[in-house]
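Residue-level structural notes
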Amino acid sequence: MSQRTTDIRFEETLRAERVEPFPVAPGLFMALFLTGALLLAVTNSALLESPDEPLLDGSWAAAYQERFDEASPLFVPATTIWGAIDYILFDQGRAGVLVGEDGWLYSTEEFAYPAETDVAARRLDANLDAIAAVADRLQELDIDLVVALLPSKARIYPEHLGRYRLPKGPTQLYSLALAGLRDRGVPVTGLLPPLLEAKEEGAVFLRTDTHWTPYGAREAAEAVAETIRGIARFPWLDQEEYATTRSEPQPHRGDLTNFLPLGPLYDELGPEDDELIGFETSAAGAPDTDLFAQVEIPVVLVGTSYSQDERWNFAGWLRQALGSDVLVAAQRGEGPFEPMVEYLGGDAFRNAPPQVVVWEVPERYLSRRWQTGEGGE
């Protein structure tokens, strides 16, 4: 063996046995990071409770991930930062809201419409048939139905939509629904003309909320009352006097701001609050009736939160416009159909049927599939 061969093998032996120095700083950082992540993971409260969702279809994993994220101490600041970035740079909020211009927010529900034309037409027809069926059932009992067809906020205020536009389907929905109800012989108050006219004098919808303002609700109530007066000269009309008082304007942060995850940064970055004036309508004098007589209320109001929420005072305005009491059977968060089904099946209707039922129906619900009644597919 030559001396050169011996030297090469000696060098290879040295390389094989050489121990590279441990990278102390990166290794320590990685160790601290993994330790911190492990501590956050094991102390996450989501570990204490297993979701009820089924395991095999992936629902359990999705629910667990959602709970884990929400329970993480970094979840709130992370979502706040990303929410602020989305809102400031891209004019976007969470799914459920469209950010328009000038601090106006819109519900995405007003823009939702079936992609297939035949599906949309079928759903609209089914829902209008269901409304007509209710009108027929009430007419058999000598009760009149008046539908208050409520246009969407985007239809009343398209000038604040900014980069958004109502798609073709929702654009035609209101006129199709109005014509369809009239073709079916259902008395209907189309609220689009009075609200468009009223917006020239004041806001009829809130900027940051899905709902109308008390002023818009008053204009709607007066239009509905005019329709009722056109049906017949009911003897109970104008038999009671109502008065409305108003309170000082208060800041109102509408329901659509819940889709802007700005957290503590909202006051600095979010749209300016609306100004909401409170109104309360009450009977000016006690009715001249027997103390022990059964009180019969001739008008019932069924519908959604536009009717149920006292902040808009729609029922109060309706009482004042009719000069008659109105029973409120509207419900929040159930759409227009379920409250009607519940009312017609309840004791209030069975024991004291009214003479007129006002049914407030927002147009956006008419393109949806209604599964609980005749309107379902």
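We now turn to the structure provided with this report. (Residues numbered from 1 in each chain as written. Predicted model: local features only at pLDDT ≥ 70, side-chain atom pairs only at ≥ 80, totals over all residues. Heavy atoms only, no water.)

Let us look at the overall build of the protein. Along the protein, the regular secondary structure elements total 14 helices and eleven strands. When the 377 residues of the protein are sorted by exposure, 41% land in the buried category. Residue pairs at least 24 apart in sequence account for 77% of intrachain contacts in the protein once pairs closer than 6 positions are excluded. Accessible surface, the protein: about 21,200 Å² in total, of which carbon and sulfur atoms supply 54%. (Helix = DSSP H or I, 4+ residues; strand = E, 2+ residues; numbered from the N terminus. Buried < 20%, exposed > 50% of the residue type's maximum accessible area, 1.4 Å probe, protein only. Contact = heavy atoms within 4.5 Å. Areas by Shrake-Rupley, 256 points an atom, 1.4 Å probe, with all protein chains shown as cover.)

Glancing now at helix α9 (residues 214-231). For an α-helix, the turn length of 3.6 residues means that residues three or four places apart are oriented alike. Across its 18 residues, α9 extends 26 Å between first and last C-alpha, which sits within 8% of the 26 Å expected from 1.5 Å per residue. When we look at burial in α9, the residues that qualify are Pro214, Gly216, Ala217, Glu219, Ala220, Ala221, Ala223, Val224, Ala225 and Ile228. (Expected span 1.5 Å × (residues − 1).)

On to the side chain of Arg319, then. Within the fold, Arg319 resides in helix α12 (residues 314-322). Here the side chain of Arg319 touches Val326 through a polar contact of 2.8 Å, landing on its backbone oxygen. Leaving out residues up to four positions away in the same chain, Arg319 has contacts with Tyr242, Ser324, Asp325, Val326 and Val328. (Polar contact = N/O pair within 3.5 Å; in protein donor to acceptor, adjacent residues only side chain to side chain.)

It is worth spelling out the packing of helix α5 (residues 117-140) against helix α13 (residues 337-344) at this point. In the contact formed by α5 and α13, the axes pass within 12 Å of each other and the chain directions differ by 25 degrees. Comparing their axes, α13 and α5 come out roughly parallel. The hand of the α5/α13 crossing is left-handed. On α13, the residues that touch Asn127, Ile131, Val134, Arg137 and Leu138 of α5 are Phe337, Met340 and Leu344. Among the residues forming the contact of α5 with α13, the class breakdown is six nonpolar, one polar and one charged. (Axes fitted to C-alpha atoms, helices over the stretch in contact; angles between N-to-C directions. Parallel < 35°, antiparallel > 145°, perpendicular 65-115°, else oblique. Left-handed = near helix turned anticlockwise from the far one by under 90°. Nonpolar A, V, L, I, M, F, W, Y, C, P; charged D, E, K, R; others polar.)

Our next topic: a nonpolar patch on the surface. Residues Ile88, Leu89 and Phe90 make up a contiguous nonpolar surface patch of about 320 Å² in total accessible area. Along the chain, the position of Leu89 falls in helix α4 (residues 75-90). (Patch = residues over 30% accessible without salt bridge, like charges linked within 9 Å, V, L, I, M, F, W, Y side chains within 5 Å. Salt bridge = Lys/Arg side-chain N within 4 Å of Asp/Glu carboxyl O.)

What follows is about the pattern of salt bridges. Pairing between side chains becomes possible if they bear opposite charge and their charged atoms approach one another. Taken as a whole and judged by the stated rule, the model has 16 salt bridges. In this structure, Arg253 and Asp273 form a salt bridge, with 2.9 Å as the shortest nitrogen-oxygen distance. In this pair, Arg253 is assigned in the loop between β6 (250-252) and α10 (266-269) and Asp273 in the loop between α10 and β7 (274-276), connecting sequence segments 20 residues apart. Assessed through its relative accessible area of 38%, Arg253 is described here as partly exposed.

Among the structural elements, Asp129 can be located in helix α5. Taking relative accessible area as the criterion, Asp129 reaches 42% and is therefore assigned partly exposed. When the C-alpha positions of Asp129 and Arg184 are compared, they lie 7.9 Å apart, and in sequence the two are 55 residues distant.

Counting residues in each nonpolar core, the largest one holds 77 residues, and the members touching the most others are Ile131, Leu145, Trp212, Trp359 and Leu366. Ranked by residues supplied to this core, first place goes to α5 with eight residues. Leave out the neighbours within four places in its chain, and Trp359 touches Ile131, Val134, Leu145, Val146, Val147, Ala148, Val302, Gly303, Pro336, Phe337 and Met340. Ranked by size, the runner-up nonpolar core spans nine residues in total, among them Val97, Leu256, Leu260 and Leu262. (Core = buried A, V, L, I, M, F, W, Y, C linked by side-chain atoms within 4.5 Å.)

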